[in-house]
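# Coordinates in review
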Amino acid sequence: FRPTVGFSAVEAARAANVTIIGGPAGVSAETEEELRAAGCRVQRIAGKNSKETRRLLETMAREGRRFLATGSHS
């Protein structure tokens, strides 16, 4: 998918699609909403723990899916 990877919400706000990996301890729900308000399509991928999150990401990669659900905005 040729993603751009970064850690700045300011930079992310310039993107059309933003994927947040992990729960709100890393990126707050407030930041997530700010990105949506900036017009980004935002998806958060977070399992119950890091092992489950990794499993989700591996499944998506194996299936060639960019998003968890088609048309997902969350």
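Let me sum up the structure you'll find in this document. (Residues numbered from 1 in each chain as written. Predicted model: local features only at pLDDT ≥ 70, side-chain atom pairs only at ≥ 80, totals over all residues. Heavy atoms only, no water.)

## Looking at the overall build of the protein chain
- If you tally the helices and strands in the protein chain, you get three helices and two strands.
- Reading the protein chain from its N terminus to its C terminus gives the helix and strand order α-β-α-β-α.
- Relative to the 2.2 N^0.38 estimate, which gives 11 Å for 74 residues, the radius of gyration of the protein chain is 12 Å and therefore close to what a compact globule would have.
- When the backbone C-alpha atoms are referred to their principal axes, the protein chain occupies close to 30 × 25 × 20 Å. (Helix = DSSP H or I, 4+ residues; strand = E, 2+ residues; numbered from the N terminus. Rg over C-alpha atoms; globule rule 2.2 N^0.38 Å.)

## Here's the deal with the pairing of strand 2 (residues 41–45)
- Taken across its five residues, strand 2 has four buried, putting it largely inside the fold.
- Crossover strand 1 (residues 17–21) to strand 2 through helix 2 (residues 29–37) is right-handed. (Buried < 20%, exposed > 50% of the residue type's maximum accessible area, 1.4 Å probe, protein only. Right-handed = clockwise from strand over helix to strand, strands pointing away.)

## Section: helix 2
- The complete set of buried residues in helix 2 reads Thr31, Glu32 and Leu35. For helix 2, the angular spread of buried residues about the axis comes to 105°, placing them on one side. Set apart from the buried face of helix 2 by more than 90 degrees, the exposed residues are Glu30 and Ala37.
- The inward-facing, buried residues of helix 2 contact helix 1 (9–12), strand 1 and strand 2.
- Gly39 occupies a position one or two residues after helix 2 and carries a positive phi of about 100°. (Arc of directions from axis to C-beta. Contact = heavy atoms within 4.5 Å.)

## Some points on the environment of Glu30
- Note that Glu30 resides in helix 2.
- On the basis of relative accessible area, Glu30 is assigned to the exposed category, the value being 57%.

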